[in-house]
Amino acid sequence: MSPERGRDWGARVPAPDGLRWCEDDAAASVAVGQSVAPVLLAIRRSRIGASVGRTGARESARMLATPWDAMRLRLRLGGAVRDVTVLGRAWIVRLAPRGAAWVIATTSPVGRLDLHPRAHPADGWLHVLEISAAMTWRERVAGLGRARRGDHVPHPALRATRATRWSSGEGRAAVVADGHWCGIADHVEAEVRPDACTLHW
């Protein structure tokens with residue numbers, strides 16, 4: 001069953017033994033990346049929690065348990081390869097005066113921006129918003145303003161798609177994931193990890 005966006009979704013359960021508490025989304029993403037099996041997490045301060053009407057978890061005898069997909073990013077720079085796990089969204093921006101950009105997410109909204117209006121936390125998809133190089137910076141800023149309402153698409157310079165895998169192609173780009181700087185890459189690949197964790201709120 002798909003969740004109603006911005007509302008409670010999941011099941012009310014007793015707080016599980018061994019629940020791992022994380023300070024923020026980035027720390028939770030690292031915890032998921034370190035585990036092969038699905039993990040049970042709670043996030044004290046969360047921007048991805050906006051997808052289910054939460055800003056963070058509080059300790060309680062019973063909590064809302066929400067299945068959550070993750071994204072694995074693989075960054076390649078020269079001969080070096082780095083994997084990054086993402087629970088919210090990643091920005092990949094070409095290093096050019098006005099380069100193309102992609103925003104890839106497992107859920108939305110994240111914080112106040114609803115860049116992927118059709119995304120849900122456990123729908124099994126990567127949601128990709130491609131920003132054309134032809135879009136001016138003024139148009140991009142205006143589009144981010146509209147994204148708070150989720151009505152930035154359709155737009156001729158924006159293309160929204162979904163997939164289980166994605167590749168940037170060749171070309172140097174800056175990468176930011178879950179609000180943290182990841183580095184520069186010549187090539188970026190993304191893959192969804194369905195039900196990688198259960199978040200408790």
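Residues numbered from 1 in each chain as written. Predicted model: local features only at pLDDT ≥ 70, side-chain atom pairs only at ≥ 80, totals over all residues. Heavy atoms only, no water.

## Quick look at the overall build of the chain
Part 1 of the reasoning: Looking only at helices and strands, the chain has two helices and 13 strands in total.
Part 2 of the reasoning: Counting the 201 residues in the chain, one finds 46% classified as buried.
Part 3 of the reasoning: Restricting to contacts in the chain with at least 6 residues of sequence separation, those with at least 24 account for 64%. (Helix = DSSP H or I, 4+ residues; strand = E, 2+ residues; numbered from the N terminus. Buried < 20%, exposed > 50% of the residue type's maximum accessible area, 1.4 Å probe, protein only. Contact = heavy atoms within 4.5 Å.)

## Quick notes on the pairing of strand 11 (residues 173–177)
Part 1 of the reasoning: Taken across its five residues, strand 11 has four buried, putting it largely inside the fold.
Part 2 of the reasoning: Two strands pair when backbone bridges link them, and strand 6 (residues 89–94) and strand 11 are joined in this way by five bridges, in the antiparallel orientation. What sits directly across from Trp91, in strand 11, is Val176.
Part 3 of the reasoning: Hairpin connection, strand 11 to strand 12 (residues 180–185): the antiparallel pair is bridged by two residues, and Asp178 has positive phi, about 50 degrees. (Pairing = 2+ DSSP bridges.)

## What to know about unusual backbone geometry
Part 1 of the reasoning: Of note, the amide linkage connecting Ser108 to Pro109 takes the cis form, showing an omega dihedral of 0 degrees.
Part 2 of the reasoning: Assignment of secondary structure puts Pro109 in the loop between strand 7 (101–105) and strand 8 (126–131).
Part 3 of the reasoning: The phi dihedral of Asp178 is positive, around 50 degrees, even though this residue is not glycine.
Part 4 of the reasoning: Mapped onto the elements, Asp178 comes out in the loop between strand 11 and strand 12.
Part 5 of the reasoning: Relative accessible area serves as the criterion here: at 14%, Asp178 is assigned to the buried category.
Part 6 of the reasoning: You will see that Asp195, though not glycine, has its phi angle at about 50 degrees, which is positive.
Part 7 of the reasoning: Residue placement: Asp195 occurs in strand 13 (residues 187–200).
Part 8 of the reasoning: Residue classification places Asp195 among the partly exposed positions, given a relative accessible area of 43%.

## What about the pattern of salt bridges?
Part 1 of the reasoning: Counted by the stated rule, this structure contains eight salt bridges.
Part 2 of the reasoning: The residue Arg76 makes a salt bridge to Glu189 at a minimum N-O spacing of 3.9 Å. Taken together, the residues span a long stretch of sequence, with Arg76 in strand 4 (residues 62–77) and Glu189 in strand 13 at a distance of 113 residues.
Part 3 of the reasoning: Exposure remark for Glu189: the relative accessible area of 28% places this residue in the partly exposed category.
Part 4 of the reasoning: The residue Asp186 makes a salt bridge to Arg172 at a minimum N-O spacing of 3.1 Å. Of this pair, Asp186 sits in the loop between strand 12 and strand 13 while Arg172 sits in the loop between strand 10 (165–167) and strand 11, and the two are 14 residues apart along the sequence.
Part 5 of the reasoning: For Asp186, a relative accessible area of 22% corresponds to the partly exposed category. (Salt bridge = Lys/Arg side-chain N within 4 Å of Asp/Glu carboxyl O.)

## Looking at the sheet that holds strand 12
Part 1 of the reasoning: Read across the sheet, six strands follow the order 9-8-7-6-11-12 without closing on themselves; strand pairing throughout is antiparallel. Whereas interior strands pair on both sides, the edge strands pair on one side only; in this sheet they are strand 9 (158–163) and strand 12. Pairwise comparison of adjacent strand axes, ignoring direction, gives a mean angle of 20 degrees for this sheet.
Part 2 of the reasoning: Two strands pair when backbone bridges link them, and strand 6 and strand 7 are joined in this way by five bridges, in the antiparallel orientation. Opposite Ile92, over in strand 7, you have Trp102 as the bridge partner. (Axes fitted to C-alpha atoms, helices over the stretch in contact; angles between N-to-C directions.)

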